[in-house]
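One letter stands for each residue in the lines below.
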Amino acid sequence: MKKTIVALTILISLWSCKEDKKETISDPMANTKKEIAEFSPEMTENAIIYEANIRQYSEEGTFNAFTKDIPQLKELGVKIIWLMPIFPISETKRKATGGENSKFASEMPEAEQAKYLGSYYAVSDFKKVNPEFGTIEDLRNLVTTAHKNGMYVILDWVPNHTGWDHVWIKEHPEFYTQNEKGEIIDPINPETGETWGWTDVADLNYDNQELRKTMTNDMLHWIKNENIDGFRCDVAGNVPTDFWQQAIPALRKEKNIFMLAEAWEPELLKGNLFDMCYSWEGHHTMNKIAQGKENVQNWDSFMDKRIKEYEADDILMNFVDNHDENSWNGTIQERLGDASEVMIALSYMTPGMPLIYSGDEYDLEHRLKFFEKDSIPKTKGKNWDIFKKMGALKVNQLALNGGKNKAAYKRISTSNNQNVLVFEREKNGEKVIFIANLSKNNQIFTVDLEGKFKNLLTNDDFSLNKNKNIELKPWKFVILQ
């Protein structure tokens, strides 16, 4: 008797968003009231984070242009807005190009120098805003608008280094790492002792206790005076952990905040330090699977390692893209190709918090310039649909909780564990099952599941039988309950 082949298809689901429990708190800058609760760990369970590249988000490249679109982010389930560095950028040693043979703006033809805006991460003043983006009042309006729409705002903080015309260079040279000649140097790789090649910035020396106090106070400025809800900390692992042990408790005394480390080190998540760090290995594994260099067994190895290295209440940020990946390693389409949609879905289905990078919701298909003005497309297409679809599930399904009290992850065996990934997420008796073909070829297989389910992408009833074959086309997936 021939085995029955079940064809699985994906349709766009209707999306609805749960209202968050709110309380009214005052906005000291706008002298108005807004409805949003202070951040709490419980809010990470179904949160989605959005990385906003203000310079490239719009033709204007301003706070105001981004603020107008904040209500649309609710359609994608966004709960946290991460603003890439908003601070003034150093004129001294301002970069015009990156890479091994990078050049400074001053080395370019004089008529062209003005177009080189430099790296956001070469900060010249931690307590001011980049006039390229607008005024402090414009930023305050952005924060207020986000809060009114139920979203938190965190700033991209750069604790490892500053630009070369930061006031500390002249007033506090002791804040910086110096060579045997007493010259301030650019950042060094702690593993090799050699510089990274980040020649547009100067390395900070955390052996200096006064630097630690000053850096903490600059961070407190944004919490106290501008109602910021936390920070994403650039290369946080290069900064001594004992600084974070000093600084983060001081910040949390002022307000309940969200802290994201651009790092992978598990120790940064311990002792109420950072709330979340990067799932770098998961990101690289997804890239390699999409490129045919690895397969589902490598994903299983990553998940096993993740469970061993991190504690149950640790949170990792799952991502298919960010500003570094897009500008230096390629777009989603370049790196993931036809696997883009299933990898986006996987980033939502895996324990943790998914990230959306500016432009990816609009099918961004070019590498954004890093040191010059550029802009993203603004036409909603297939990516908007998949982010909206997955956002609805992330927000509303208890079984997709990814915070400190995350839903469990259970791998389910199939007759093809090399190309087919099946796992279950479960919390308080609620379960969601992810079935995906992570290969470029059709796959026919059986799965070790039996019973009646609902297809969450179509709301249709769906049956699984251990003895019946399932067929999935390349890079296709379903989500069942």
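Procedures and definitions
- Residues numbered from 1 in each chain as written.
- Predicted model: local features only at pLDDT ≥ 70, side-chain atom pairs only at ≥ 80, totals over all residues.
- Heavy atoms only, no water.
- Buried < 20%, exposed > 50% of the residue type's maximum accessible area, 1.4 Å probe, protein only.
- Helix = DSSP H or I, 4+ residues; strand = E, 2+ residues; numbered from the N terminus.
- Pairing = 2+ DSSP bridges.
- Right-handed = clockwise from strand over helix to strand, strands pointing away.
- Lys, Arg positive; Asp, Glu negative; His and termini not counted.
- Salt bridge = Lys/Arg side-chain N within 4 Å of Asp/Glu carboxyl O.
- Axes fitted to C-alpha atoms, helices over the stretch in contact; angles between N-to-C directions.
- Contact = heavy atoms within 4.5 Å.
- Parallel < 35°, antiparallel > 145°, perpendicular 65-115°, else oblique.
- Left-handed = near helix turned anticlockwise from the far one by under 90°.
- Polar contact = N/O pair within 3.5 Å; in protein donor to acceptor, adjacent residues only side chain to side chain.
- Core = buried A, V, L, I, M, F, W, Y, C linked by side-chain atoms within 4.5 Å.
- Phe/Tyr/Trp six-rings, centres within 6.5 Å; stacked < 30°, edge-to-face > 60°.
- Lys NZ or Arg CZ within 6 Å of the ring centre and 35° of its normal.

Moving on, we get to helix α12 (residues 340-349). Within α12, 9 of the 10 residues are buried, leaving the element largely enclosed by the surrounding structure. Of all the residues in α12, the buried ones are S340, V342, M343, I344, A345, L346, S347, Y348 and M349.

A word on the pairing of strand β6 (residues 152-157). For β6, the tally of buried residues reaches 6 of 6 residues, placing the bulk of the element in the interior. Note that strand β5 (residues 80-83) and β6 share 4 bridges and pair parallel. Residue pairing for β6: I80 is matched across the bridge by Y152. Following the chain from β5 across helix α4 (residues 136-148) to the adjacent parallel β6, one finds a crossover that is right-handed. By the bridge criterion, 3 bridges tie β6 to strand β9 (residues 230-233) in an arrangement that is parallel. Across the sheet, the residue bridging to D156 is R232, located in β9.

Phi is positive for N428, close to 50°, though the residue is something other than glycine. With respect to the helices and strands, the residue N428 is situated in the loop between β15 (420-427) and β16 (430-437). On the basis of relative accessible area, N428 is assigned to the exposed category, the value being 67%. Notably, W475 is not glycine yet its phi reads approximately 60°, a positive angle. Tracing the backbone through its elements, the reader meets W475 in the loop between β20 (469-472) and β21 (477-480).

Attention shifts here to the side chain of E424. Relative to the helices and strands, E424 resides in strand β15. For the buried E424, which has no salt bridge, the nearest side chain bearing the opposite charge is K431, at an N-O separation of 4.1 Å.

Pairing is parallel in the closed barrel, where 8 strands are placed in the order β4-β5-β6-β9-β10-β11-β12-β13. The mean angle between the axes of side-by-side strands here comes to 25°, regardless of whether they run parallel or antiparallel. Across the face of the sheet, α4 comes into contact with β5 and β6 while running at roughly 135° to β6.

Another point: the packing of α12 against helix α13 (residues 382-396). Contact geometry of α12 with α13 gives a least axis separation of 10 Å together with a crossing angle of 20°. By the criterion of interaxial angle, the relationship of α12 to α13 is roughly parallel. Our pair here, α12 against α13, has a crossing hand that is right-handed. Where α12 approaches α13, its residues E341, I344, A345, Y348 and M349 are matched on the opposing element by N383, I386, F387, K389, M390, G391 and K394.

Here we come to the side chain of S347. Inspection of the secondary structure puts S347 in helix α12. Engagement of the side chain of S347 in a polar contact is seen with the backbone oxygen of I344, the distance being 2.6 Å. Those residues in contact with S347, other than ones at most four positions away along the chain, are N318, F319, V320 and P354.

It is worth spelling out the nonpolar core at this point. I49, F66, L83, F274, M343 and F434 are the most contacted members of the largest nonpolar core, which has 132 residues in total. At 7 residues, α12 tops the list of elements feeding residues into this core. Counting residues in hydrophobic clusters, the runner-up holds 15 residues, among them I412, V420, V422 and I470.

Each aromatic ring pair is characterised by the separation of its centres together with the angle its planes make. On inspection of all chains with the given rule, the structure shows 30 aromatic pairs. When the centroid spacing of 5.7 Å and the interplanar angle of 70° are considered together, the rings of F63 and F133 count as edge-to-face. Taken together, the residues F63 in helix α2 (residues 63-67) and F133 in the loop between β5 and α4 connect sequence positions 70 residues apart. With respect to class, F63 is no different from F133; both count as buried. Between the aromatic rings of F87 and W222, the centroid separation amounts to 5.8 Å while the plane-to-plane angle is 65°, which identifies the pairing as edge-to-face. Of the two residues, F87 is situated in the loop between β5 and α4 and W222 in helix α6 (residues 209-226); the sequence distance between them amounts to 135 residues. Summarising the burial analysis for this pair, F87 and W222 share the class buried. These aromatic residues form a ring-pair network of at least three members: F87, F126, W157, W168, F175, W222 and F231. Across from the ring centre of W164, 3.9 Å away, lies the NZ or CZ of K93, which sits over that ring. Sitting above the plane of the W384 ring, K380 keeps its charged end 4.3 Å from the centroid.

Right, let's get into the sheet that holds β15. Taking strand neighbours across the sheet as the criterion, the 4 strands line up as β14-β15-β16-β21 in an open arrangement whose pairing is antiparallel. Among the strands making up the open sheet, the edge pair consists of β14 (408-411) and β21. Sheet twist, expressed as the average angle between the axes of neighbouring strands with direction ignored, equals 20°. Examined bridge by bridge, β15 and β16 share 8 bridges and lie antiparallel to one another. When the bridges of β16 are listed, E424 appears paired with I433.

Let us now look at the pattern of salt bridges. Side-chain pairs of opposite charge can arise where the charged atoms are in close proximity. Scanning the model with the defined rule gives 23 salt bridges in all. Residue D275 pairs with R252 through a salt bridge whose shortest N-O separation is 3.3 Å. Residue D275 is found in the loop between β10 (258-261) and β11 (276-278), and its partner R252 is found in helix α7 (residues 241-254); the two are separated by 23 residues along the sequence. For D275, a relative accessible area of 5% puts it in the buried group. Exposure remark for R252: the relative accessible area of 16% places this residue in the buried category. Salt bridges sharing common partners tie together D156, R232, D234 and E262.

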